[in-house]
Every structure is written in C-alpha cells, then in structure tokens.
Amino acid sequence: MIFKKRTFHGMEPERTAGDQPAELERRVAHGLAVTPGLDAADVIVICTGNTIMLSGHVATQAECARAEEAARLTEGVAEVVNRIEAAEVRQN
C-alpha cells in the first residue's frame, strides 16, 4: 500500500482552526490527553458555543485542577464548567 501526502491542485491544504464545537472539543480533549500529570481517560468534554463542560472522574483534586487549567488555555475557550469528580474526595 502506498500513502502519499494530501494535496489540492499540487498544494498542501491550508490548516485552520475551525469554529465548530466539535473542533473545539477535539482540541480540548487533545490538550487534556497530553497534559503532564493528568490521566484524562475518564474525562468527558462537551462544547456549547465557546463554553466547555468537563465531567467524569480523575484520581486527585490536583488532576481536576490541571484538567480545568488545560481547558482554559485552549484557544477559543471562553468559559470552563468543571464537574470532574476526584476519587480521593469520593472515598471520604
């Protein structure tokens, strides 16, 4: 199988950040996935306009704060609603 680079009339397509909620969700989810010290496997990202809602579970309150900060730092995010639960809080 041969793979070749995608082109449009011989030119590489221009990559722009979309304004669609799915694109913003994707960027936030990617940011969470690559944030050091955060296991975001059980975090759900939902976008409404430019507001991001985070829900799900993480191990510690520190991870919860890291997730919120990573979402806030994503270009295009105006507000973050953090509903992530930390396991250390649920046990007590």
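Residues numbered from 1 in each chain as written. Predicted model: local features only at pLDDT ≥ 70, side-chain atom pairs only at ≥ 80, totals over all residues. Heavy atoms only, no water.

*Asks:* I would appreciate a short explanation of the confidence of the model for the protein chain in the present structure.
*Replies:* If pLDDT is low for a region, its predicted coordinates should not be looked at in detail. The pLDDT averaged across the protein chain works out to 87; a share of 79% of its residues lies at or above 70. Ranking the helices and strands of the protein chain by mean pLDDT puts strand 2 (residues 51–58) first, with 97, and helix 3 (residues 87–90) last, with 72. (pLDDT = per-residue confidence, 0-100. Helix = DSSP H or I, 4+ residues; strand = E, 2+ residues; numbered from the N terminus.)

*Asks:* Teacher, can you tell me more about the pattern of salt bridges here?
*Replies:* Any two side chains of opposite charge can pair, given that their charged atoms come close. In this structure the tally under the stated criterion is two salt bridges. A salt bridge links Arg 26 to Glu 23, with the nearest nitrogen and oxygen atoms 2.8 Å apart. Taken as a pair, Arg 26 and Glu 23 lie in helix 1 (residues 21–33) at a separation of three residues, close to a single helical turn. (Salt bridge = Lys/Arg side-chain N within 4 Å of Asp/Glu carboxyl O.)

*Asks:* Would you mind going over the sheet that holds strand 3 (residues 79–86) with me for this structure?
*Replies:* Two orientations exist for strands paired in a sheet by backbone hydrogen bonds: parallel and antiparallel. Pairing is mixed in the open sheet, where three strands are placed in the order 1-2-3. The strands lining the two open edges of the sheet, one partner per strand, are strand 1 (43–48) and strand 3. Pairs of neighbouring strands in the sheet enclose a mean axial angle of 10 degrees, with direction left out of account. As paired elements, strand 2 and strand 3 share eight bridges and run parallel to each other. Its bridge partner lying in strand 3, Leu 54 is registered against Asn 82. Across the sheet, helix 1 is in contact with strand 1 and strand 2; its angle to strand 1 comes to roughly 150 degrees. Across the sheet, helix 2 (residues 61–72) lies against strand 2 and strand 3, angled at about 160 degrees from strand 3, the strand it touches most. (Pairing = 2+ DSSP bridges. Axes fitted to C-alpha atoms, helices over the stretch in contact; angles between N-to-C directions. Contact = heavy atoms within 4.5 Å.)

*Asks:* What should I look at first to understand the nonpolar core in this one?
*Replies:* Looking at soluble globular proteins, one finds that nonpolar side chains tend to be buried together. Counting residues in each nonpolar core, the largest one holds 18 residues, and the members touching the most others are Val 28, Leu 32, Val 43, Ile 52, Leu 54 and Ile 84. For this core, the secondary-structure elements that each account for two or more residues are helix 1, strand 1, strand 2, helix 2 and strand 3. A per-element tally of this core places helix 2 first, with four residues. (Core = buried A, V, L, I, M, F, W, Y, C linked by side-chain atoms within 4.5 Å. Buried < 20%, exposed > 50% of the residue type's maximum accessible area, 1.4 Å probe, protein only.)

*Asks:* Explanation requested: helix 1 in the structure shown.
*Replies:* Note that an α-helix has 3.6 residues per turn; residues three or four places apart therefore point the same way. Compared with the 18 Å implied by 1.5 Å per residue over 13 residues, the 18 Å span of helix 1 between its first and last C-alpha is a close match. Burial in helix 1 covers these residues: Leu 24, Arg 27, Val 28, Gly 31 and Leu 32. For helix 1, the arc enclosing every buried residue in end-on projection is 135 degrees, short of the 170-degree limit, so these residues lie on one face. Opposite the buried face of helix 1, at more than 90 degrees from it, the exposed residues are Ala 22 and Ala 33. In this structure, the buried side of helix 1 is in contact with strand 1, strand 2 and helix 2. (Expected span 1.5 Å × (residues − 1). Arc of directions from axis to C-beta.)

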